[in-house]
Amino acid sequence: MSPSVPSPVRRVARLLRTSLFVQVTCALVLGVAVGRLWPDVGTAVQPLGDGFIRLIKALIAPLVFCVVVTGIAKAGNLRAFGRIGLKALIWFEVATTFALLIGLFAGNLFQPGVGMNVDPAKLDSAAVNAKTGGGELPSTSEFVLHSLPESAVGAFAENALLQVLVLACLVGAALLHLGHTKVPAILPAVEQVQDIVFTVVGYIMRLAPLAVFGATAHLVGEYGLGVMSTYGKLIAVCYGVALLFLALLAVALKAVTGLSLWKFVRYTREEMLLALGTASSESVMPRMMQKLRQAGCRDDAVGLVLPTGYSFNLDGASIYLSIATLFIAQAVGVDLSLGQQVSVVLMLMLTSKGMAGVPGSAFLALSATAAALGVIPAGAVALLLGVDRIMDSMRVATNLLGNCVAVFAVSRWEGALDMVRAKKVLGGDIAFVPEEGDPRTQDSGETRTEEARP
């Protein structure tokens, strides 16, 4: 007697119950519908997305600390850890500079701001101050100094990732120096805390569909879909350039590691959709760290490269900033010379490094660039207020994939990548198994061999 085949209704019900990807997709569609039909309701459910992000952010600092400390202690080589950091910074600088240049080229080629003929005197520059809270980006010296912790507790309380990384490196180095015989209980304790954090992440991830629904409904409800027609050319240019950049990134990943970026996107589709829905790459950092580790990247490489990339490797933001600078110049009728455009790239190479975690950082960077050039009215930055939130999805997806590619590339460069495992995981031969406490496995209609990370 042949086994009964589940009906289509039961299959759909099972997917809705077990598949995070399907749940998030449905939440995204529902959020668009609610925001379009009932804008007030869309605005009212915004706390669902904000609350989810707050919960995830609360775990990022302890998670990064634990992963980096255990990574250094287990690798047993502080010099190798230093090489990983240096190679990561080289990759970040090359990638972000290329992103700025390709954005500048596209801005000159397609000229998204030409024909708008905006009078800057009629723009409300006070709206930009309200968006940024009257703040400013830190100088290079301030950025470096702020990366050093003034208080161990304060670094965690303020969720300052670079400060947490510095503390983690110091603790990891101390563990290596003292050896496991002098402090035998410390490393197991850190590993147990790491397991607890991953368990809590698993619990919070079950709320992801609610977060995507709230964030999407708020976006559509507050800004509407009309902004697509007003800024259609700018949006099309930014997203098109981002896709081209990701295609070139895929070629680079294939050349350096032999891995497929498309397969990685499929492997992390739940996290990518969640990041797009909430417009926050931080909301998926803990889960991405798990997936990169299970895809064969060594713990020390994941723990150092991924969090550092959140401050130093903002590829999507670099693309947006270069195109947006040309857009506002073209919109107000200012023709930037080649020398001035080179100055834009040099300015943004510096200002983009201090953007992470600063409210309204894109507007601050654009305002600083406009002020440095001296030919673009500062108030012209207000032109982008209506479209900035639409650009978040492009920036988040590009930043996130750029950082993940950096982890693979630097790991391969340093010999910290298990190529056999990576190809099996990305090829679907080994399923992702959430660490400690999340009973879900990666959803698929196919039969897969499930292995725990060795």
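Keep in mind it's a predicted model, so treat the numbers as computed, not measured.

Draft legend 1. Seen up close, the overall build of the chain. When helices and strands are counted, the chain shows 22 helices and two strands. Split into buried and exposed, the 454 residues of the chain put 53% on the buried side. Once local pairs closer than 6 in sequence are excluded, the contacts in the chain between residues at least 24 apart make up 84%. Total accessible area on the chain is roughly 20000 Å²; 64% of this is exposed by carbon and sulfur atoms.

Draft legend 2. Structural detail: the packing of aromatic side chains. For the coordinates displayed, the defined rule picks out five aromatic pairs. Between F264 and F408 the ring centres are 5.4 Å apart and the planes differ by 85 degrees, which places this aromatic pair in the edge-to-face class. Here F264, found in helix α14 (residues 261-267), pairs with F408, found in helix α21 (residues 388-414); they are 144 residues apart in sequence, far enough to count as distant. Neither F264 nor F408 differs from the other in exposure class; each is buried. Taking 6.4 Å as the distance between ring centres and 80 degrees as the angle between the ring planes, the aromatic pair formed by Y267 and F432 counts as edge-to-face. Here F432 lies in the loop between β1 (430-431) and β2 (449-450) and Y267 lies in helix α14, a separation of 165 residues in the sequence. Across the pair, F432 and Y267 agree in class, each one buried. Taken together, the ring pairs in this structure connect F264, Y267, F408 and F432 into an aromatic cluster. Geometry around F21 places R269 over its ring, the cationic atom sitting 5.5 Å from the centre. Its end group placed over the ring of F432, K291 keeps NZ or CZ at 4.9 Å from the ring centre.

Draft legend 3. Seen up close, the nonpolar core. Counting 135 residues, the largest nonpolar core has V64, L234, F264, L306, Y320, L384 and F408 as the members making the most contacts within it. Among all residues touching Y320, those that are not within four sequence positions of it are C238, A362, L384, D388, M391, M394 and R395.

Conventions we followed
Residues numbered from 1 in each chain as written. Predicted model: local features only at pLDDT ≥ 70, side-chain atom pairs only at ≥ 80, totals over all residues. Heavy atoms only, no water. Helix = DSSP H or I, 4+ residues; strand = E, 2+ residues; numbered from the N terminus. Buried < 20%, exposed > 50% of the residue type's maximum accessible area, 1.4 Å probe, protein only. Contact = heavy atoms within 4.5 Å. Areas by Shrake-Rupley, 256 points an atom, 1.4 Å probe, with all protein chains shown as cover. Phe/Tyr/Trp six-rings, centres within 6.5 Å; stacked < 30°, edge-to-face > 60°. Lys NZ or Arg CZ within 6 Å of the ring centre and 35° of its normal. Core = buried A, V, L, I, M, F, W, Y, C linked by side-chain atoms within 4.5 Å.

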